[in-house]
Amino acid sequence: MSYKDQIIKDRIPEHVAIIMDGNGRWAKQHGLQRMFGHQQGVKTVHEITTVAAELGIRFLTLYAFSTENWNRPKEEVDALMALLVDTIKKETPTLMKNNVRLLTIGDLSRLPSATREKFEQCLADTAGNTGLNLVLALSYSSRWELTRAFQQVAENAKKGMLKPDEITEQAVAQYLTTATMPDPDLLIRTSGEYRISNFLLWQLAYAELYFTDCLWPDFTVEHFYEAIVDYQHRERRFGKISEQVKEGNRL
Ligand code: IPE
Ligand code: IPE
Ligand code: MG
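Computed from a predicted model, the values in this text were never measured in an experiment.

K.L.:
What is the right way to look at the pairing of strand 2 (residues 59-66) in this model?
P.N.:
For strand 2, the tally of buried residues reaches seven of eight residues, placing the bulk of the element in the interior. Inspection of the sheet shows strand 1 (residues 15-19) paired to strand 2 by five bridges, in the parallel sense. Across the sheet, Ile-19 pairs through a bridge with Tyr-63, a residue of strand 2. As judged from the seven bridges shared by strand 2 and strand 4 (residues 133-140), these two strands associate in the parallel manner. Residue pairing for strand 4: Leu-60 is matched across the bridge by Leu-134.

K.L.:
Explain the pattern of salt bridges here, please?
P.N.:
Two side chains with opposite charge may pair up if their charged atoms get near one another. For the structure on display, the rule yields 15 salt bridges. Measuring nitrogen to oxygen at the nearest pair gives 3.0 Å for the salt bridge that ties Arg-25 to Glu-193. Of this pair, Arg-25 sits in helix 2 (residues 23-29) while Glu-193 sits in the loop between strand 5 (186-189) and strand 6 (208-211), and the two are 168 residues apart along the sequence. What makes Arg-25 partly exposed here is its relative accessible area of 33%. Among the ionic pairs, Lys-90 bridges to Asp-86, the shortest N-O distance being 3.0 Å.

K.L.:
Explanation requested: helix 3 (residues 34-55) in the structure shown.
P.N.:
Within an α-helix, residues lying three or four positions from one another point in the same direction, as the helix has 3.6 residues per turn. An ideal rise of 1.5 Å per residue puts 32 Å on 22 residues; helix 3 measures up with 32 Å between its terminal C-alpha atoms. Restricting attention to buried positions, one finds in helix 3 the residues Met-35, Gly-37, His-38, Gly-41, Thr-44, Ile-48, Thr-49, Val-51, Ala-52 and Leu-55. Buried residues along helix 3 sit against strand 1, helix 2, strand 2, helix 4 (74-97), strand 4 and helix 8 (221-232). Gly-56 occupies a position one or two residues after helix 3 and carries a positive phi of about 90°.

K.L.:
How should the sheet that holds strand 6 be read in this particular structure?
P.N.:
Strands belonging to one sheet form pairs held by backbone hydrogen bonds; the direction of such a pair is parallel or antiparallel. The sheet built from six strands is open, its strands ordered 3-4-2-1-5-6 with parallel pairing. With one partner strand each, in any of the chains shown, strand 3 (101-105) and strand 6 form the two edges of the open sheet. Direction aside, neighbouring strands of the sheet carry axes that sit 20° apart on average.

K.L.:
What exactly am I supposed to notice about the site of ligand 1 here?
P.N.:
Inspection of the region around ligand 1 gives Met-20, Asp-21, Gly-22, Asn-23, Gly-24, Arg-25, Arg-34, His-38, Ala-64, Asn-69, Arg-72 and Leu-80 as its neighbouring residues. The side chain of Arg-34 places a nitrogen or oxygen atom 2.8 Å from an oxygen atom of ligand 1. Between ligand 1 and the protein, one listed contact pairs an oxygen atom with a side-chain N or O atom of Arg-72 at 2.7 Å. Protein contact buries 87% of the 380 Å² of open area that ligand 1 shows by itself. Because more than half of its atoms lie within 2 Å of the grid, ligand 1 is assigned to the largest pocket. Going through the elements one at a time, helix 2 and helix 3 are the ones with two or more residues in the shell around ligand 1. Among the elements that make up the shell around ligand 1, the one with the highest residue count is helix 2 (three residues). Its residues assigned to classes, the shell around ligand 1 comprises three nonpolar, five polar and four charged.

K.L.:
Help me understand the site of ligand 2, please; the structure alone is not making it clear to me.
P.N.:
Around ligand 2, the neighbouring residues are Ile-19, Met-20, Asp-21, Tyr-63, Ala-64, Phe-65, Ser-66, Asn-69, Arg-72, Arg-189, Arg-195 and Ser-197. For ligand 2, an oxygen atom lies 3.5 Å from a polar atom in the side chain of Arg-189. Within the side chain of Arg-195, one N or O atom sits 2.8 Å away from an oxygen atom of ligand 2. Summarising the interface, the protein chains cover 78% of the accessible area of ligand 2, which totals 390 Å² for the free molecule. For ligand 2, the cavity whose grid points lie within 2 Å of the majority of its atoms is the largest pocket. If you tally residues by element for the shell around ligand 2, the top one is strand 2, at four residues.

K.L.:
Explain the side chain of Glu-76 to me, please; I cannot follow it from the model alone.
P.N.:
For Glu-76, the position within the fold is in helix 4. Here the side chain of Glu-76 touches Arg-34 through a polar contact of 2.7 Å, side chain to side chain. Separated by 2.8 Å, the side chains of Glu-76 and Arg-72 make a polar contact. Excluding residues that lie within four positions of it along the chain, Glu-76 makes contacts with Arg-34, Met-35 and His-38.

Cut-offs and rules
Residues numbered from 1 in each chain as written. Chains lettered and ligands numbered in written order. Predicted model: local features only at pLDDT ≥ 70, side-chain atom pairs only at ≥ 80, totals over all residues. Heavy atoms only, no water. Buried < 20%, exposed > 50% of the residue type's maximum accessible area, 1.4 Å probe, protein only. Helix = DSSP H or I, 4+ residues; strand = E, 2+ residues; numbered from the N terminus. Pairing = 2+ DSSP bridges. Salt bridge = Lys/Arg side-chain N within 4 Å of Asp/Glu carboxyl O. Expected span 1.5 Å × (residues − 1). Contact = heavy atoms within 4.5 Å. Axes fitted to C-alpha atoms, helices over the stretch in contact; angles between N-to-C directions. Near = heavy atom within 4 Å. Polar contact = N/O pair within 3.5 Å; in protein donor to acceptor, adjacent residues only side chain to side chain. Areas by Shrake-Rupley, 256 points an atom, 1.4 Å probe, with all protein chains shown as cover. 1 Å grid on protein atoms, 1.4 Å probe; cavity = no way out; pocket = protein on both sides within 12 Å on 5 of 7 lines; lining within 4 Å. Sits in = over half its atoms within 2 Å of the grid points. Nonpolar A, V, L, I, M, F, W, Y, C, P; charged D, E, K, R; others polar.

Okay, here's the thing in structure tokens:
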């Protein structure tokens, strides 16, 4: 039986975040250069985005390029930026057809201007779509995001607009790039690495973590369904005890 048939329709995670890892190793396994792995990875993005929209997931956040990825060899960074422009151009009609809204988190000021412009155009084109929110984390890292938030908090405090006791958890969340989004319910990382790599450190506080050895270009729709089913069988206690969180017994 396909994992799709095992999905519990009223327990779909609202927000799924994915660390899409393993493109380079996939290419190596196939005797190809790393860029072929990234190209293949784009196909996976297309498929997973389509099924996430079908399932009624509200937010899908994809870690596409980290702050630290700027330190890769220049040829790879340049080729990734070119691939990004090309992909956005090609994928915009599909996003429109599937009612997907593109959002982004990260330091876009570091992107080459051609990439940034294409990206901003796609953000504007899809702004009215009301289905899945597809959030691309681009030139993103949590430490970049938190540092920026601290700077803004300090600025506002200096101006007398913020008092120490007004810095609540909710207020902190408003200073993050994810201010308008719910926290991820499920984090998937492919490629067999068991680390977070500077991704959504604040927001993942209570996410369910799911690791698979599968490399991102090999990650299929069926793998995605499997991760969702696994998530649906977890008990999320948020610090409480099991009896408190059992259905119909929310204290
Ligand atoms: C993930 O694949 C994509 C990006 C980070 C851009 P990698 O490029 O990290 O692939 P591996 O980890 O080297 O296999
Ligand atoms: C994490 O992958 C970042 C993205 C998937 C964009 P990396 O390949 O950069 O992570 P590390 O270096 O193995 O932790
Ligand atoms: Mg990697």
